[in-house]
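# Geometric and topological summary
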Amino acid sequence: MSIVVLKLPVVKRKRGDRPKKCPYCGGETFQRWGQVNKPVKDMRVRNVKVYRYRCCHCGRTFRYYPEGNNRADQTERLRLFAVILWKLGLSYRASSLILSGLNVLISFMTIWRDVQNEAQQMKRHNRWKPVRVLGLDGASVLGWGAKQGVLVAVDLGTGDPLAIGYVDEYNPQAVRRWLEPLVQQHGITVIVTDDLFSYKLVAEKLQLGHQVCQFHVRRWVGKTLKDLQETVPREWLWVLDEIRELLETLLPDGSKRLYALWKQLPGRHSKLDQARTPLEQVRDLLLRLSEHWHKYCTFQSEPIVPWTNNATERAIGRMKMRARTVRGYKSWSGMEAGFLLAGSQAL
Ligand SMILES: [Zn+2]
């Protein structure tokens, strides 16, 4: 049997040391100025001893809290535990109920505030974090995105959520407006996306390296080839096989080979208003793959770039799972907390 242990902040009942610096003036000598027994909400501790000190330099008094405590009623340990219950998928009310079973009475509104605060802390922590490779993907979340979904950004170095925006991923201007400040703030150099045209445009405009997720490419090309297999004249089926093999091996000079194949195929005969023949569809496919080939292979020259956008999809999956138990996020701040906290792989 293996036991997994959750590490929560330590909560001390009192502290033995004296303050080092006055929080107001930085002064270093103090007089003890009384003490209070502060009742706290926690799973184990009921009250803690808080000393007050008076600064000999500026004359102001302040409270010196034992580890794991601050001016809030609840300890750091309880605050984090409540956030974890929520991250695991419980509603605010259910989290409050579970805690009541541990003899901790804390309202669901307090837990809501705890979650919001944690998300804000996460945002501050993320703010200037260096991120080199960014995964981007649109997500449709229950209750959000009937017309327009949300766009999420994941640090592919760590797999952690970075930001979420109410942005239409099909609109290149909107994607750019949202992405540009992130690129500057974090020093992003490469993005990993599916092969939606808007991402290509934005990567070019912002001069970013670009890796197109190979799972996406294989999915849609695989499907296209399967359809063409039935319709393309037999003597040309070898071209489909060759495309398959090129995608399998992703050789850096694949683009040239695809272009050469394109030239071997007969040109377009159908009129513009006519449907394209199967062979013309193969031609279009060859050209499209040839043009974008370098975006499939970025990962080969830059070892820190993954060849799929799986980490981003996993973060979206976790966020959606969180949304399901609460029947969708009701507010943007709830949605943002859902992504930043529940989207993270760590508890
Ligand atoms: Zn002072």
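For the structure itself, consult the block above.
Owing to the predicted nature of the structure, the values given are computational and were not obtained by experimental measurement.

## Concerning the overall build of the protein
Scanning the protein for helices and strands turns up 12 helices and eight strands. Compactness check: the protein gives a C-alpha radius of gyration of 28 Å against a globular reference of 20 Å for 347 residues, more than 25% above the reference. Along the longest, intermediate and shortest principal axes, the C-alpha atoms of the protein span 95 × 45 × 45 Å. Within the span of the protein, comprising 347 residues, buried residues form 46% of the whole. Sequence separation of 24 or more characterises 64% of the internal contacts of the protein that already satisfy a separation of 6 or more. Within the structure as shown, the protein displays about 19200 Å² of accessible surface, and the carbon and sulfur contribution to it stands at 53%.

## Some points on the sheet that holds strand E6 (residues 160-165)
Spatial strand order, E6-E5-E4-E7-E8: five strands in an open sheet with mixed pairing. Strands at the two margins of the open sheet, each flanked by one partner only, are E6 and strand E8 (209-212). Going from strand to strand, the sheet's axes swing by 25° on average, the running direction of each strand aside. Both strand E4 (residues 133-139) and strand E7 (residues 190-193) contribute to a ladder of three bridges, which runs parallel. In the strand pairing of E7, Leu134 is matched with Ile191.

## So, the pairing of strand E5 (residues 150-155)
Judged by how many residues are buried, E5 sits mostly within the fold: six of six residues are covered. Alternating positions in E5 separate into two faces, Val150, Val152 and Val154 on one and Leu151, Ala153 and Asp155 on the other, with burial throughout. In the sheet, E5 pairs with E6 via five bridges, with the strands oriented antiparallel. Considered in E6, the bridge of Val152 is made with Ile164. What sits between E5 and E6 in their antiparallel hairpin is a turn of four residues, with Gly159 showing a positive phi close to 85°.

## Some remarks on the pattern of salt bridges
Here the structure, examined in full by the defined rule, presents 15 salt bridges. Of the charged contacts in the structure, one is a salt bridge between Arg79 and Glu76, with a shortest N-O distance of 3.1 Å. In this pair, Arg79 and Glu76 both sit in helix H1 (residues 76-87), three residues apart, roughly one turn of the helix. With relative accessibility at 9%, the residue Arg79 sits in the buried group. Residue class for Glu76 comes out partly exposed when judged on its relative accessible area of 24%. Residue Arg244 pairs with Asp241 through a salt bridge whose shortest N-O separation is 3.0 Å. Of the two residues, Arg244 and Asp241 are both situated in helix H7 (residues 237-249); the distance of three residues between them amounts to about one turn of the helix.

## Some remarks on the environment of Gln173
By the secondary structure assignment, Gln173 is in helix H4 (residues 172-186). Residue classification places Gln173 among the exposed residues on the basis of a relative accessible area of 54%. Between the alpha carbons of Gln173 and Thr29 there is a distance of 58 Å; along the sequence they are 144 residues apart.

## Points about the packing of H1 against helix H12 (residues 332-342)
Closest axis-to-axis distance for the H1/H12 pair is 10 Å, and the angle between their directions is 100°. Regarding the angle of H1 to H12, the classification is roughly perpendicular. Judged by residue contacts, Val83, Trp86 and Lys87 of H1 engage Ala337, Gly338, Leu341 and Ala342 from H12. Residue composition of the contact of H1 with H12, by class: five nonpolar, one polar and one charged.

Calculation criteria
- Residues numbered from 1 in each chain as written.
- Predicted model: local features only at pLDDT ≥ 70, side-chain atom pairs only at ≥ 80, totals over all residues.
- Heavy atoms only, no water.
- Helix = DSSP H or I, 4+ residues; strand = E, 2+ residues; numbered from the N terminus.
- Rg over C-alpha atoms; globule rule 2.2 N^0.38 Å.
- Buried < 20%, exposed > 50% of the residue type's maximum accessible area, 1.4 Å probe, protein only.
- Contact = heavy atoms within 4.5 Å.
- Areas by Shrake-Rupley, 256 points an atom, 1.4 Å probe, with all protein chains shown as cover.
- Pairing = 2+ DSSP bridges.
- Axes fitted to C-alpha atoms, helices over the stretch in contact; angles between N-to-C directions.
- Salt bridge = Lys/Arg side-chain N within 4 Å of Asp/Glu carboxyl O.
- Parallel < 35°, antiparallel > 145°, perpendicular 65-115°, else oblique.
- Nonpolar A, V, L, I, M, F, W, Y, C, P; charged D, E, K, R; others polar.

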